[in-house]
Amino acid sequence: DGVVNNKTQSTSDDGVPWQLEPESEAYDKLNASILKASLTQGSGFVEMRHTTFEDGLKNVSRQGKAAAFHSSSSTMTSSSSSLRQRTNLPFYRERRLNQHDSESHLAKKWRAQREEAWAELEVKFHPLFKTFFYEMLPSFIAAPVVMAIDGVSHARDRAFWPLRPFRILTLELTIMCAVFGLIYWKPEGLSALDAGTLLMLWTAKSLTIAFKYSFYGYRDLYGEYGIGSEAYETQQKRGRLLLGNIVFNLTGLQGIGLFEQLYSSALIQDVDLGRLHFDVAPETAHQVWDEVKLFLWEICPRKDKDKCDPRKLQESQSKGSLVGTTILENEVKPSSDPPSNPPTETAHTTFGAGLRRGLSRLVEPESSEEKRHFGSKYELESAQMDLADGLVEIFLGEGEEGVLQRAAVGQLSAALVALHCVVSSHMLRGRIRFMMFYTPLACSFLIGLLPLMINHLAGEPSCFATTEGTIVFVSQYVAMGFFFFNIFYFTFAPLKFFWNQRRVDAYLYGMLAGDLAVRAIWPPVFVDFSPRIDVELPTNVAAWAAVQRVIRGSHFAPTFQKRFNFYRVITFSVLVMDSLFHSFVSIAYPNLDATGSRVSSTVRLLILTAAVVGELTLGMLVNNFSDRHAAYLGKMRTSNTAMATQGVEEGHREDLLASEHLLDTCMQEIEKDKLASPVTVAFFAAEIARVSLLLSVVGVIIYQDLQSMMDKFGFNS
């Protein structure tokens, strides 16, 4: 099945390269031994195809050196050990490292990082129940409880200490006052059922926070870098792992958060993107690196920002050159005994030095200001991984100098492309990030005024007739506004995330088909720039296949996508139960429920239903984008096969056939992945059938509410 194509190169005992002719006996023996070695390792014939797809073609080039298996052995009979020694390959990285005894220490470190990444996908019940217990208590009670059980540092890291007066006054005291007043004072114009609604919303808030902590990795929970440690506070892990940070950049830490999620996704897929590259035009490689470099500057520690600002350094670089040769003034540290020829720094080396200083420290940073913005739990093994310290160099596998050297010859790292895609698709900057967050908050408080307006239209008594009624309404209004915003926030954030994931798909599609094809997509999706690749080159196809495996669909930030499912079940269940409860009481005990309260309950359910429908629709569009990718890969496969039969030169023909095989396997992977790992909403695959089912269920509830209100206003008489 194309295990070895045309000519296979090996090395004789004396180190002289030799070649096997395609139909020779030795060639057939080599194919058989390779297949036998693969089957012996338990990977099967199908896995052998993936070995050819992902590994054997790594060194295919335009010069016709197609599918050459590199070996440190001296004879053909050592092909099985040759397979074990191909440890520099990107796919199934852990297994490749384990196959080489001399690199077993690297395998242990890689596995340790993978275990931490996979740990984020596990529901940890001890943190879940403990956090739920803490969050159900008011903060002024929870603070001493947490201090007594876990210590002051845990209370600080869980945002219970120091006490926050605004939170106590606007959320906790208001809900207690509202629940007490609705049950015992029972003011006119207000419904006692709203006390139950507030308690359900409080429980939903506690559950969502509890599930957040239950999906923390072990290094985030325990040890000298977990909750309660100094590193947890100074690195702002609580803010970094917030849903609002990953989606809306509320804390300003979205950049490092997205970066960590990207590396975590690569670990889960066991793909080392830094070991793959695209062959593109040097200008394209430079453009991608320029944009990524600006992103890296944005997440750089504040003390290094002025020193490595690429926008300022650009003026010092040679026009049209990304390397730059102009000497930066005042960048050389003064010395009491300066040399006769003081060293100089170019723009790119100054940026690289400042970047490395910012990204390399986790355990012993130079200052709290520097450590506050950096440090990744995945940097702990960086020294043992034979890589430079810092998450950037761990992920890329090289520093800025290596990136620029490869860009000069038109090589663009797959890790760099993945980072560029994630940043351009997900990163929010400027005021829009606050507008997208606070607009739902304002809408939540506007909805809180509905009971007053509906009660006035229905001619029911005003709650402001008594002092108790006024106090209860104000308390209920403030608490209900914050709580409904909390519910809506956990729906709107996933919706925005899936919109961004659709942009990721469009970016990947643009790499294959170009920007004109992206513009024709409906519903429209906006992509600023994606590097176009030549799919006649097997290296490009293999790199694209690896990138899409890490960042497309449900594979990027899988921890947050799993949290979305729990949030959806919790929040939507609360509002459905609230609406059903109001509907039942309005039928069985019509005097207990106020019209304004029932209408508000229905409106909240309608708004959340609309948001969930939007989330399902976007998830469905992300899932269906797999068909678009597969269709275009199929077209490119046909095109390459046709070109290979048109009498092209032998080297080009080998590239086309190798690329055709890669396109075929990649297309099959995407098609199967759509069925095995689709984007889900409330643990159901995002499909159009789910939308119709949801609308049917909610429609029954709303129909009953409308019937009850029509009876109330006399429209059915």
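How each quantity is defined
- Chains are numbered independently. Their residues run from 1 in the order of the written sequence.
- It should be noted that, the model being predicted, local features are given only for residues of pLDDT at least 70 and side-chain atom pairs only at 80 or more, the latter also being counted only at that level, while totals for whole chains, interfaces and linings use all residues.
- Derived side-chain values reflect all non-hydrogen atoms in the structure, with water molecules and hydrogen atoms excluded from consideration.
- Secondary structure elements follow DSSP: runs of H or I no shorter than four residues count as helices, runs of E no shorter than two count as strands, and numbering proceeds from the N terminus.
- With a 1.4 Å probe rolled over the protein chains alone, any residue whose accessible area is under 20% of its type maximum counts as buried; one over 50% counts as exposed, and the rest are partly exposed.
- Residue contacts are defined here by distance: any two heavy atoms, one from each residue, within 4.5 Å place the two residues in contact.
- Reported accessibility uses the Shrake-Rupley method at a 1.4 Å probe radius. Residues are deemed covered only where the shown protein chains occlude them.
- Convention adopted: a line fitted to C-alpha atoms gives each axis, helices being fitted over their contacting stretch, and angles between N-to-C directions are expressed from 0 to 180 degrees.
- Angle categories: roughly parallel below 35 degrees, roughly antiparallel above 145, roughly perpendicular from 65 to 115, and oblique for all the rest.
- With the far helix as reference, a near helix turned anticlockwise by less than a right angle produces a left-handed crossing, and one turned clockwise produces a right-handed crossing.
- Polarity classes work like this: nonpolar for Ala, Val, Leu, Ile, Met, Phe, Trp, Tyr, Cys and Pro, charged for Asp, Glu, Lys and Arg, and polar for all others, with Gly in that last group.
- Whenever a nitrogen or oxygen atom comes within 3.5 Å of another N or O atom, the pair is scored as a polar contact, on the condition that within protein one atom can donate a hydrogen and the other can accept it, and that pairs from neighbouring residues in sequence are kept only if both atoms are in side chains.
- Salt bridge, as used here, is a side-chain nitrogen of Lys or Arg placed within 4 Å of a carboxyl oxygen of Asp or Glu.
- Scored from 0 to 100, pLDDT records how confident the predictor is in each individual residue.
- What we call a nonpolar core is a set of buried Ala, Val, Leu, Ile, Met, Phe, Trp, Tyr and Cys residues that are connected through their side-chain atoms within 4.5 Å.
- Between the first and last residue of a helix there are one fewer steps than residues, each counted as 1.5 Å, and that sum is the expected span.

## Comments concerning the overall build of the chain
And then number 1: Each helix and strand in the chain was counted, giving 32 helices and six strands.
And then number 2: Looking at the chain as a whole, 57% of its 717 residues are labelled buried.
And then number 3: The long-range share in the chain, meaning contacts at least 24 apart out of those at least 6 apart in sequence, stands at 73%.
And then number 4: Approximately 30,700 Å² of the chain is accessible, and the part contributed by carbon and sulfur atoms is 59%.

## Regarding unusual backbone geometry
And then number 1: Cis geometry is adopted by the peptide bond preceding Pro-162, which originates at Trp-161 and carries an omega value of -5°.
And then number 2: Examined against the element boundaries, Pro-162 turns out to sit in the loop between helix H8 (152-157) and helix H9 (165-185).
And then number 3: Even without a glycine there, the phi angle at Lys-186 is positive, about 50°.
And then number 4: Within the element layout of this structure, Lys-186 appears in the loop between H9 and helix H10 (193-214).

## Things to note about the packing of helix H26 (residues 467-513) against helix H30 (residues 595-644)
For any two helices packed against each other, one specifies the inter-axial angle together with the distance between the axes.
And then number 1: Between H26 and H30, the shortest axis-to-axis distance is 10 Å and the interhelical angle comes to 15°. With respect to their mutual orientation, H26 and H30 come out roughly parallel. Handedness of the H26/H30 crossing: left-handed.
And then number 2: Taken together, the residues of the contact of H26 with H30 sort by class into 23 nonpolar, five polar and five charged.

## Looking at the side chain of Asp-157
And then number 1: Mapped onto the elements, Asp-157 comes out in helix H8.
And then number 2: Residue Asp-157 is classed as buried on the basis of its relative accessible area, which comes to 3%.
And then number 3: Among the polar contacts listed, one links the side chain of Asp-157 to the side chain of Arg-156, at a separation of 3.1 Å.
And then number 4: Apart from the residues lying within four places of it in its own chain, the contact partners of Asp-157 are Tyr-213, Ile-227, Gly-228, Ser-229, Tyr-232, Glu-233 and Arg-238.

## Focus on the pattern of salt bridges
If charged atoms from side chains of opposite charge come close, those side chains can pair.
And then number 1: In this structure the tally under the stated criterion is 26 salt bridges.
And then number 2: A salt bridge links Lys-205 to Glu-135; its shortest N-O distance comes to 3.6 Å. Remark: Glu-135 occurs in helix H6 (residues 125-136) and Lys-205 occurs in helix H10; sequence separation between them is 70 residues. Each member of the pair, Lys-205 together with Glu-135, is buried.
And then number 3: The salt bridge partner of Asp-627 is Lys-674, with a shortest N-O separation of 2.8 Å. Residue Asp-627 is located in helix H30, and its partner Lys-674 is located in helix H31 (residues 650-676); the two are separated by 47 residues in the primary sequence.
And then number 4: Residue Lys-674 is classed as partly exposed on the basis of its relative accessible area of 24%.
And then number 5: Each of the salt bridges in this network shares a partner with another, and the network as a whole consists of Glu-116, Glu-120, Asp-220, Lys-237 and Lys-377.

## Section: the packing of helix H15 (residues 254-269) against helix H23 (residues 414-426)
And then number 1: Here H15 crosses H23 at 135°, and the two axes come no closer than 10 Å. By the angle class used here, H15 and H23 are oblique. Crossing geometry of H15 relative to H23 is assigned as right-handed. Seen from H15, the contacting residues are Gln-254, Leu-258, Phe-259 and Leu-262; seen from H23, they are Ala-418, Leu-419, Val-422 and His-426.
And then number 2: When its residues are assigned to classes, the contact of H15 with H23 shows six nonpolar, two polar and no charged.

## Things to note about the environment of Tyr-438
And then number 1: Looking at the element boundaries, Tyr-438 is found in helix H24 (residues 432-447).
And then number 2: Under the relative-accessibility criterion, Tyr-438 is labelled partly exposed at 44%.
And then number 3: For Tyr-438 and Phe-485, which are 47 residues apart along the polypeptide, the C-alpha to C-alpha distance reads 9.2 Å.

## Details of the environment of Leu-193
And then number 1: By secondary structure assignment, the location of Leu-193 is in helix H10.
And then number 2: Judged by its relative accessible area of 11%, Leu-193 falls in the buried class.
And then number 3: Taking the C-alpha atoms as reference points, Leu-193 and Asp-593, separated by 400 residues in sequence, lie 6.9 Å from one another.
And then number 4: Excluding residues within four positions of it along the chain, Leu-193 makes contact with Phe-581, His-582, Val-585 and Asp-593.

## Points about the confidence of the model for the chain
And then number 1: Put simply, the chain has an average pLDDT of 78, and 74% of its residues get 70 or more.
And then number 2: Per-residue pLDDT, averaged within each element of the chain, yields its smallest value for helix H3 (residues 79-84) (28) and its largest for H6 (97).
And then number 3: The model gives residues 26-87 a pLDDT under 50, and that stretch makes 137 contacts with residues more than four places away or in other chains.
And then number 4: When the criterion is pLDDT under 50, residues 315-373 qualifies, and its contacts beyond four places in sequence or with other chains add up to 98 contacts.

## Re the nonpolar core
And then number 1: Residues Leu-273, Phe-278, Phe-395, Trp-544 and Ile-551 are the most contacted members of the largest nonpolar core, which totals 147 residues.
And then number 2: Beyond its immediate sequence surroundings of up to four residues, Phe-278 is in contact with Gly-410, Gln-411, Leu-412, Ala-414, Val-417, Met-511, Ile-533, Asn-540, Ala-543, Trp-544 and Val-547.
And then number 3: Ranked by size, the runner-up nonpolar core spans seven residues in total, among them Tyr-134, Leu-137, Ala-142 and Val-146.

## Describing helix H28 (residues 538-551)
And then number 1: Here H28 contains 14 residues, and its C-alpha end-to-end distance of 20 Å stays within 8% of the 20 Å for a straight helix at 1.5 Å per residue.
And then number 2: For H28, a buried count of 14 out of 14 residues is recorded, marking the element as mostly surrounded by other parts of the structure.
And then number 3: The first or second residue beyond H28 is Gly-553, which carries a positive phi of 60°.

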